[in-house]
Amino acid sequence: MATINKNLSVYDKSTLPSAKDFRFGVVVSEWNDNITEGLYKGAEDAFLDNEVPAQNIIRWNVPGSFELIYGAKKMLQTQKVDAVIVIGCVIQGQTKHFDFVCEGVTQGIKDLNVQTDIPVIFCVLTDNTMQQSIDRSGGIHGNKGTEAAIAAIKMAYIRQQASLTHEYPSQNLLTSGALQLDEGTPLELKE
Ligand SMILES: Nc1c(NC[C@H](O)[C@H](O)[C@H](O)CO)[nH]c(=O)[nH]c1=O
Ligand SMILES: CC(=O)[C@@H](O)COP(=O)(O)O
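Since we're looking at a predicted model, the values are computed, not measured.

### Re the UniProt feature "binding site: (2S)-2-hydroxy-3-oxobutyl phosphate" (unreviewed entry) in the protein chain
Part 1 of the reasoning: Using the residue numbers shown here, the UniProt feature "binding site: (2S)-2-hydroxy-3-oxobutyl phosphate" (unreviewed entry) corresponds to Gln94, Thr95 and Arg136. For the residues just named, distributed over 43 residues, the greatest C-alpha separation reaches 23.3 Å, placing them at more than one site.
Part 2 of the reasoning: Turning to its location among the elements, glutamine 94 is positioned in the loop between strand 3 (83-91) and helix 3 (97-115).
Part 3 of the reasoning: Along the chain, arginine 136 falls in the loop between helix 4 (130-135) and strand 5 (137-139).
Part 4 of the reasoning: Not counting the four nearest positions on each side in its chain, arginine 136 is found in contact with Thr3, Leu8, Leu125, His141 and Lys144.

In structure tokens:
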């Protein structure tokens, strides 16, 4: 479903876990700040609407979307947070720079989700025009910042619940023989 068929700001509070004890980091790019400020307000309003205390929202600014990666990494390393949102707006210009910034941020944030235990939510608009960004940061299509805050609440809850369960080795690792539990004999899973 494309964004044009979905309002990014719509959510059902009754389906969400309690967020009052969660702490959230938000790293905000200053590039296109007319857009990123709107995205941040959407996220902040959604957090407050779900009883997240204002003091549990930690905001840092970075120069541009490419710096969101480093900013999120340092946020994870230094702050006690249950999830992080990175907020940016990348708009196509005259050159291929757009492609490299978008790919770099996407891969960098993906890497943080793989390599760390804290969910990092991708709230980076990658638009062709400023109007598309306006429409998605509180305009006709809602606010991607709101969507990101709801995702952050849900992922923080998943992380919390997962920490309450015993960790089991990945089934894929076991069946592929990559994980061997004794000297050289791969574990064989009985069907
Ligand atoms: N053109 C946009 C940029 N470019 C700047 C980069 O994100 C980065 O700050 C620079 O390359 C230095 O490392 N950033 C955006 O967020 N949005 C743009 O449209
Ligand atoms: C995404 C960008 O870096 C881009 O907006 C910069 O504009 P240009 O490609 O015209 O240099």
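### Things to note about the packing of helix 2 (residues 68-78) against helix 3
Part 1 of the reasoning: Where helix 2 contacts helix 3, the two axes come as close as 9 Å, and the packing angle between them is 15°. Relative to helix 3, helix 2 is oriented roughly parallel. Note on packing geometry: the crossing formed by helix 2 with helix 3 is right-handed. Contact residues: helix 2 offers Leu68, Ile69, Ala72, Lys73 and Leu76, while helix 3 offers Val105, Gly108, Ile109 and Leu112.
Part 2 of the reasoning: Considering only residue class, the contact of helix 2 with helix 3 consists of seven nonpolar, one polar and one charged.

### Quick word on the sheet that holds strand 1 (residues 24-29)
Part 1 of the reasoning: Spatially, the four strands line up as an open sheet ordered 2-1-3-4, and their pairing is parallel. Where the open sheet ends on each side, the last strands, each with one partner, are strand 2 (57-62) and strand 4 (120-127). Ignoring which end each strand starts from, the neighbouring axes of this sheet average 15° apart.
Part 2 of the reasoning: Alignment of strand 1 against strand 3, held across five bridges, turns out to be parallel. Paired with valine 26 across the two strands is isoleucine 85, which belongs to strand 3.

### Some details on helix 3
Part 1 of the reasoning: In this model helix 3 runs 27 Å from its N-terminal to its C-terminal C-alpha over 19 residues, within 8% of the 27 Å that 1.5 Å per residue would give.
Part 2 of the reasoning: For helix 3, every residue scored as buried is listed here: Val105, Ile109 and Leu112. All buried residues of helix 3 project into a common sector of 55° when viewed along the axis, lining one side. Turned more than 90 degrees away from the buried face of helix 3 sit Asp99, Phe100, Glu103, Gln107, Val114 and Gln115, all of them exposed.
Part 3 of the reasoning: Each element contacted by the buried residues of helix 3 is listed here: helix 2, strand 3 and strand 4.

Criteria and cut-off values
- Residues numbered from 1 in each chain as written.
- Chains lettered and ligands numbered in written order.
- Predicted model: local features only at pLDDT ≥ 70, side-chain atom pairs only at ≥ 80, totals over all residues.
- UniProt positions renumbered as here; feature names shortened; annotations may be inferred.
- Helix = DSSP H or I, 4+ residues; strand = E, 2+ residues; numbered from the N terminus.
- Contact = placed C-beta atoms within 7 Å.
- Axes fitted to C-alpha atoms, helices over the stretch in contact; angles between N-to-C directions.
- Parallel < 35°, antiparallel > 145°, perpendicular 65-115°, else oblique.
- Left-handed = near helix turned anticlockwise from the far one by under 90°.
- Nonpolar A, V, L, I, M, F, W, Y, C, P; charged D, E, K, R; others polar.
- Pairing = 2+ DSSP bridges.
- Expected span 1.5 Å × (residues − 1).
- Buried ≥ 20, exposed ≤ 12 C-beta atoms within 10 Å, placed from the backbone.
- Arc of directions from axis to C-beta.

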